[in-house]
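Listed here are the chains, written in short residue letters.
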Amino acid sequence: MNKKFKKAVLAAVTLTCAVSVFCSACDFGSIFKKHEHSYTDYVFNGDATCTANGTETAKCDGCDETDTREAVNTKKEHSFTAYISNNDATCTVNGTETAKCDNCNETNTRIQEGSRKEHSFTNYISNGDATTEQDGTKTAKCDNCDETDTVVDVGSKLPPAIPPDETEKPTGGKPATGTEAEINTAKFSIHFLELGNKYTGDCTLIKCGDTEILIDAGSRQNSAATIKSYVDKYCTDGVLEYVIATHAHQDHIAGFVGNSNGGDRTGILYQYKIGTLIQFGGTNATSKIYKEYCSAVEYAQNNGATVYTATQCWYETDGAQKQYFLDEERTLSMNILYNYYYDHKTSDENDYSVCMLLTDVEGDNEYSYLFTGDLEEKGEGKLVDNNDLPEVELFKGGHHGSYTATTEKLLSVIKPKSVAVCCCCGTTEYTQNKDNTFPAQAFINRVAKYTENIYCTTLIIDYKAGEYKSMNGNIVFYYSDKWKLYCSDNDTILKDTQWFKDNRVWPATI
């Protein structure tokens with residue numbers, strides 16, 4: 001091949017690292033044989049992570065071909081800078097804190113130095129070991145752990161014992177007439193409240209020293225202001241140590257919710273600091289007021305209230321108790337009774353009611369006061385079957401004096417000496433049957449066998465017009481130097497009232 005031809009071929013062919021040109025007639029191809037790729041100028045791609053090296057890429061020195069390979073030793077170090085506490089510190093060990101790597105999803109958890117809490121003992125409870133010679137002790141569990149602290153209960157030394165024959169306790173007769181001024185100095189008092197409207201509902205205040213219990217808060221949301229006005233006369237520290245919500249009906253829980261006032265709520269669970277709230281273990285409720293009650297309970301809980309069901313109290317689970325002492329001497333106790341419907345279903349919401357027995361021990365004697373909410377016939381029967389019920393000095397009439405409650409099976413066991421009924425006497429709120437309006441004739445017939453000491457809070461004048469007035473008014477039983485009764489309007493027993501004479505009949509033979 002002549003030189004001129006070779007030059008023409010060279011001019012016409014662009015060689016790459018992937019192409020060779022050969023002449024079949026000579027060795028011309030050896031001149032144009034393809035070259036090997038050569039990569040010398042690698043550039044890092046910046047794609048390293050904390051778990052893998054990155055890559056680097058170079059263009060061939062002799063063509064446009066590229067090569068990508070692992071960029072050795074480019075892997076990043078984890079970087080943890082924003083640690084957040086896990087809030088799991090206790091009084092005995094530091095807690096932990098966790099951070100996410102600034103460069104990847106890796107997390108790191110380490111000890112949070114200096115986060116260990118200090119023991120905090122705030123709720124001391126008397127151990128009941130005081131004598132007439134020396135103070136007893138009291139014990140508290142740390143608010144943050146299981147550590148306990150026991151200290152001398154200064155001032156708890158018991159007074160000299162009073163011989164039993166020098167005390168005056170409730171008898172089968174009418175309680176002595178008391179005064180409003182004396183109630184605050186009584187050993188304990190039991191208040192059945194009027195609720196400020198035409199509707200029947202329950203609200204009971206029990207006071208022992210600086211300890212207050214509120215059972216239910218009916219009858220409607222606007223009752224909250226009436227209840228608070230009354231309770232504030234006896235609860236001066238803004239704390240209700242115990243609250244019991246017996247069941248989910250409006251006439252027992254609406255006052256816990258109250259109304260909205262400029263964005264604030266007037267309800268009892270919003271207006272007071274609540275210590276322990278004990279509520280019904282079961283319900284079929286789906287009403288708006290029930291849902292608002294649940295929100296009120298959540299509010300109280302977020303503000304420090306301990307919330308238990310009666311079921312937890314009876315079985316003493318999760319820190320709940322079936323017995324709570326109300327005084328340092330441990331002579332007055334609130335006892336949650338067993339109701340079969342705490343842990344069984346029923347179609348009657350009333351039978352879910354929390355049942356409580358207040359017990360006062362004086363020397364060798366024990367005096368009892370029974371509260372059963374709106375428990376009905378089946379519930380009362382189960383209550384008798386499953387509890388060792390004593391005879392009682394005072395019974396809050398079942399279900400506002402309805403003909404469906406306060407049955408002979410219960411009465412024959414508890415034999416009450418006095419009965420208080422929270423209702424609007426004669427109201428047609430639930431029935432037009434005159435005999436079945438509260439308190440019903442059937443209720444009277446059964447109770448009359450055991451006592452004539454029946455008292456009612458309110459009297460309806462005209463339900464449609466919303467007119468009502470006090471029957472006995474706010475009813476207060478209390479023990480001072482003797483068992484006494486004070487009513488804000490009058491202390492006339494039910495059978496001696498004009499309303500009774502016009503509407504009811506006292507059984508001729510008992």
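Parameters and conventions
Residues numbered from 1 in each chain as written. Predicted model: local features only at pLDDT ≥ 70, side-chain atom pairs only at ≥ 80, totals over all residues. Heavy atoms only, no water. Pairing = 2+ DSSP bridges. Helix = DSSP H or I, 4+ residues; strand = E, 2+ residues; numbered from the N terminus. Contact = heavy atoms within 4.5 Å. Axes fitted to C-alpha atoms, helices over the stretch in contact; angles between N-to-C directions. Salt bridge = Lys/Arg side-chain N within 4 Å of Asp/Glu carboxyl O. Buried < 20%, exposed > 50% of the residue type's maximum accessible area, 1.4 Å probe, protein only. Phe/Tyr/Trp six-rings, centres within 6.5 Å; stacked < 30°, edge-to-face > 60°. Lys NZ or Arg CZ within 6 Å of the ring centre and 35° of its normal. Parallel < 35°, antiparallel > 145°, perpendicular 65-115°, else oblique. Left-handed = near helix turned anticlockwise from the far one by under 90°. Nonpolar A, V, L, I, M, F, W, Y, C, P; charged D, E, K, R; others polar.

Caption draft 1: Just the sheet that holds strand β13 (residues 211–215), in detail. Across the sheet, nine strands lie side by side as β10-β28-β27-β11-β12-β13-β14-β17-β18; this open sheet has mixed pairing. Whereas interior strands pair on both sides, the edge strands pair on one side only; in this sheet they are β10 (176–177) and β18 (306–309). Here five bridges tie strand β12 (residues 204–208) to β13, and the two strands are oriented antiparallel to one another. Across the sheet, Leu205 pairs through a bridge with Leu214, a residue of β13. Its contacts with the sheet put helix α6 (residues 288–302) on β14 (239–245), β17 (273–279) and β18, and the angle it makes with β17 is roughly 135°.

Caption draft 2: How the structure looks around the pattern of salt bridges. With the rule as written, the count across this model stands at 18 salt bridges. Measuring nitrogen to oxygen at the nearest pair gives 3.9 Å for the salt bridge that ties Asp491 to Lys174. Highlighted residues: Asp491 in the loop between β28 (483–487) and α11 (498–503) and Lys174 in the loop between β9 (148–152) and β10, separated in sequence by 317 residues. In this structure Asp491 comes out as partly exposed when scored by relative accessible area, which is 22%. A salt bridge links Asp496 to Lys495; the shortest N-O distance between them is 3.8 Å. On the accessibility criterion, Lys495 (22% relative accessible area) is partly exposed.

Caption draft 3: Quick look at the sheet that holds strand β4 (residues 84–85). Spatially, the three strands line up as an open sheet ordered β4-β5-β6, and their pairing is antiparallel. The strands lining the two open edges of the sheet, one partner per strand, are β4 and β6 (107–111). Alignment of β4 against strand β5 (residues 96–100), held across two bridges, turns out to be antiparallel. Within β5, the residue paired with Ser85 across the bridge is Glu97.

Caption draft 4: Examining the packing of aromatic side chains more closely. In total, this model carries 20 aromatic pairs according to the counting rule given. Here Tyr270 and Tyr299 contribute two aromatic rings whose centre-to-centre distance is 4.7 Å and whose plane-to-plane angle is 40°, an arrangement assigned as tilted. Taken together, the residues span a long stretch of sequence, with Tyr270 in helix α5 (residues 268–271) and Tyr299 in helix α6 at a distance of 29 residues. Consider the rings of Phe280 and Tyr290, whose centres lie 6.4 Å apart with planes at 45°: the pair is tilted. One end of the pair, Phe280, is in the loop between β17 and α6; the other, Tyr290, is in helix α6, with ten residues separating them in the sequence. Each of the two residues, Phe280 as well as Tyr290, counts as buried. Over the ring of Tyr463 we find Lys198; its NZ or CZ atom is 4.1 Å from the centre of that ring. A cation over a ring is seen here: Lys322 above Trp314, with NZ or CZ 4.0 Å from the ring centre.

Caption draft 5: View of the pairing of strand β8 (residues 137–141). Bridge analysis of β8 against β9 gives five bridges, and the strand direction is antiparallel. Residue pairing across strands places Thr137 opposite Val152, the latter belonging to β9. Linkage of β8 to β9, two consecutive antiparallel strands, is achieved through a turn of six residues.

Caption draft 6: Looking closely at the environment of Thr236. By secondary structure assignment, the location of Thr236 is in the loop between α3 (223–231) and β14. Looking at Thr236, the relative accessible area reads 72%, which means it is exposed. As a C-alpha pair, Thr236 and Asp210 span 26 residues in sequence and 8.6 Å in three-dimensional space.

Caption draft 7: Molecular detail of the packing of helix α4 (residues 250–257) against α6. The N-to-C vectors of α4 and α6 enclose an angle of 45°; their axes lie 9 Å apart at closest approach. It follows that α4 is oblique to α6 by the angle criterion. As for how α4 packs across α6, the hand of that crossing is left-handed. For the pair α4 and α6, contact is made by Gln250, Ile253, Ala254, Phe256 and Val257 and by Ile289, Tyr290, Glu292, Tyr293 and Ala296, respectively. The class makeup of the residues in the contact of α4 with α6 is eight nonpolar, one polar and one charged.

Function-wise, these values are silent; they only describe arrangement.
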